[in-house]
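Remarks on the overall topology
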Amino acid sequence: SSGINAEYGWFLFLNATSNYVCTVFTPPGSPPKVTMTPDNAMSISIESCIPREKICLECKCIKADTTHHCGVCKQCVLHMDHHCPFVMGCVGLNNYHYFYSFMVYFYFGMVYSMYLTFGPFKHCHGSPYEDREYKCEEVGLVSILCLVVGFNMIGATMMNSFNILALFSNTSTMSCLISSMKGGLMTSARALFSQLSLRALTNTRSRLHILLISKRSHLIYFLLPPVVTAARLFLKHVLTKKRTINFKFPKMPKKTGLIA
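Presented here is an overview of the structure given in this document. (Residues numbered from 1 in each chain as written. Predicted model: local features only at pLDDT ≥ 70, side-chain atom pairs only at ≥ 80, totals over all residues. Heavy atoms only, no water.)

Turning our attention to the nonpolar core. Residues Val87, Val91, Tyr96, Phe99, Tyr100, Leu167 and Leu212 are the most contacted members of the largest nonpolar core, which totals 26 residues. Those elements giving two or more residues to this core turn out to be helix 1 (2-25), helix 3 (96-126), helix 8 (207-213) and helix 10 (227-240). With nine residues, the single largest contributor to this core is helix 3. Leaving out residues up to four positions away in the same chain, tyrosine 96 has contacts with Asp81, Val91, Asn163, Leu167, Arg207, Leu211 and Leu212. Ranked by size, the runner-up nonpolar core spans eight residues in total, among them Val77, Met80, Met174 and Ile178. (Core = buried A, V, L, I, M, F, W, Y, C linked by side-chain atoms within 4.5 Å. Buried < 20%, exposed > 50% of the residue type's maximum accessible area, 1.4 Å probe, protein only. Helix = DSSP H or I, 4+ residues; strand = E, 2+ residues; numbered from the N terminus. Contact = heavy atoms within 4.5 Å.)

Let us now look at the packing of helix 6 (residues 173-183) against helix 7 (residues 185-194). Packing of helix 6 against helix 7 leaves a shortest axis separation of 6 Å and a crossing angle of 135°. As judged from the angle between their axes, helix 6 and helix 7 are oblique. The handedness of the crossing between helix 6 and helix 7 is right-handed. Facing Cys176, Ser179, Ser180 and Gly183 of helix 6, the residues of helix 7 in contact are Leu185, Thr187, Ser188 and Leu192. Looking at the contact of helix 6 with helix 7 residue by residue, the classes come out as three nonpolar, five polar and no charged. (Axes fitted to C-alpha atoms, helices over the stretch in contact; angles between N-to-C directions. Parallel < 35°, antiparallel > 145°, perpendicular 65-115°, else oblique. Left-handed = near helix turned anticlockwise from the far one by under 90°. Nonpolar A, V, L, I, M, F, W, Y, C, P; charged D, E, K, R; others polar.)

Glancing now at the pattern of salt bridges. Across all of its chains, the model carries one salt bridge by this definition. We note a salt bridge from arginine 207 to aspartate 81, for which the minimum N-O separation is 3.1 Å. Of the two residues, arginine 207 is situated in helix 8 and aspartate 81 in the loop between strand 4 (75-77) and strand 5 (82-84); the sequence distance between them amounts to 126 residues. Assigned by exposure class, arginine 207 and aspartate 81 land together as buried. (Salt bridge = Lys/Arg side-chain N within 4 Å of Asp/Glu carboxyl O.)

It is worth spelling out unusual backbone geometry at this point. Within the chain, lysine 74 stands out as a residue other than glycine whose phi angle is a positive 60°. Residue lysine 74 is classed as exposed on the basis of its relative accessible area, which comes to 59%. One non-glycine residue, methionine 88, lies in the positive phi region at around 60°. Checked against the element boundaries, methionine 88 lands in the loop between strand 5 and strand 6 (89-91).

Now the structure itself:
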């Protein structure tokens, strides 16, 4: 039993850690740049029949509906979900599947940790009265660990639940945030639940298909920890230092959306 518990723990640890490293060191993806200046931006908009707000002068690129400019990373991100300070960058087209896998395995890791912390409580309260003083010595420390794990598990549950709702509603964290800032939290929540549909599983243009299914075409890729990929990305970062890491919290604007 202890051997099985150890193997299960290592399985969760390797998956959570390797997916986290892949999320951090995989660029989220940016649209191609075009030759653009403030002077010819309007002419490009008119000639291409592209709305002016779809042109980013900072990145010199044309933005799609799912592309947003991150004020922290200073770049436009394809299929941007959000800027996450805990992964030190944006979550977008190329690293969302790693981020989602990390969140899932982090959640199950918290559940497994909670299961382990219940062991001392069980031995303490299930033992004879004369043996409780000896068997209950470590309950004090375990109770603190149980409290910390419990709070983390609640947070992971909320985040995973929201990610699932957003994927099946074909929307993103960025869109929900902008909607809540414009129309209020309840309006954003009603819009999120009203768009729920299982068609996202078969719709090849849905965010669920683009960000997850197309990236993990087989279940085995979700179960196997991407240790080799994580090591390669980490070594590439150490040797070339091309990946810019931004451990910053985005600033909330006064009127407009958080990120254009």
